[in-house]
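Each chain, letter by letter, is given below.
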Amino acid sequence: MRTFPVCTMVLIDAGASEDFVEGEKKVVDANGDRVLLTRFEGKVYALHGKCTHQGADLGIAGKVTGRVLHCRMHGANWDIVTGDKLAHAGATDLKTFKVEESNGRVLVEM
Ligand code: FES
């Protein structure tokens, strides 16, 4: 039997580091997912860009306040760093993606 190394990780170039401003959000379509990125305390974080309640596009309905991402549709809140749900019984945690900055670019591991 032959075996093959399996590597499913893909690095997505989400843009120039300078375009990721503290407290602002940016959404990219990457590898079939909508991904919301924001810089908090100097570090860029990436979360799934669809609300886990009723699927609102967080690029439109999402609002970043400090460490909290808020969905304006019905009030779900998440921790930007962990993706943990902070409020709203109908929502669940948001998937997070690992981010690295290299040579002035923001790379998302998917
Ligand atoms: S769709 Fe986001 S809280 Fe309902």
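Up top you'll find the structure we're talking about.
In this text the structure is predicted, and so the values were computed from the model without any measurement.

Conventions we followed
- Residues numbered from 1 in each chain as written.
- Predicted model: local features only at pLDDT ≥ 70, side-chain atom pairs only at ≥ 80, totals over all residues.
- Pairing = 2+ DSSP bridges.
- Helix = DSSP H or I, 4+ residues; strand = E, 2+ residues; numbered from the N terminus.
- Buried ≥ 20, exposed ≤ 12 C-beta atoms within 10 Å, placed from the backbone.
- Contact = placed C-beta atoms within 7 Å.

Asker: Please set out the pairing of strand β9 (residues 96-102) residue by residue, giving values where relevant.
Answerer: By the bridge criterion, two bridges tie strand β4 (residues 43-48) to β9 in an arrangement that is antiparallel. Counterpart to L47 in the pairing with β9 is T96. Bridge analysis of β9 against strand β10 (residues 105-109) gives five bridges, and the strand direction is antiparallel. Following the sheet pairing, K98 is matched in β10 by E109.

Asker: Tell me what's going on with the environment of N77, and back it up with residues and numbers.
Answerer: By the element assignment, N77 lies in strand β7 (residues 77-79). When the 16 C-beta atoms within 10 Å are taken as the criterion, N77 is described as partly exposed. N77 sits 19 residues away from L58 along the chain, and the two C-alpha atoms are 11 Å apart. Those residues in contact with N77, other than ones at most four positions away along the chain, are V68, L69, H70, L86, A87 and H88.

Any link to function would need more than the numbers given here.
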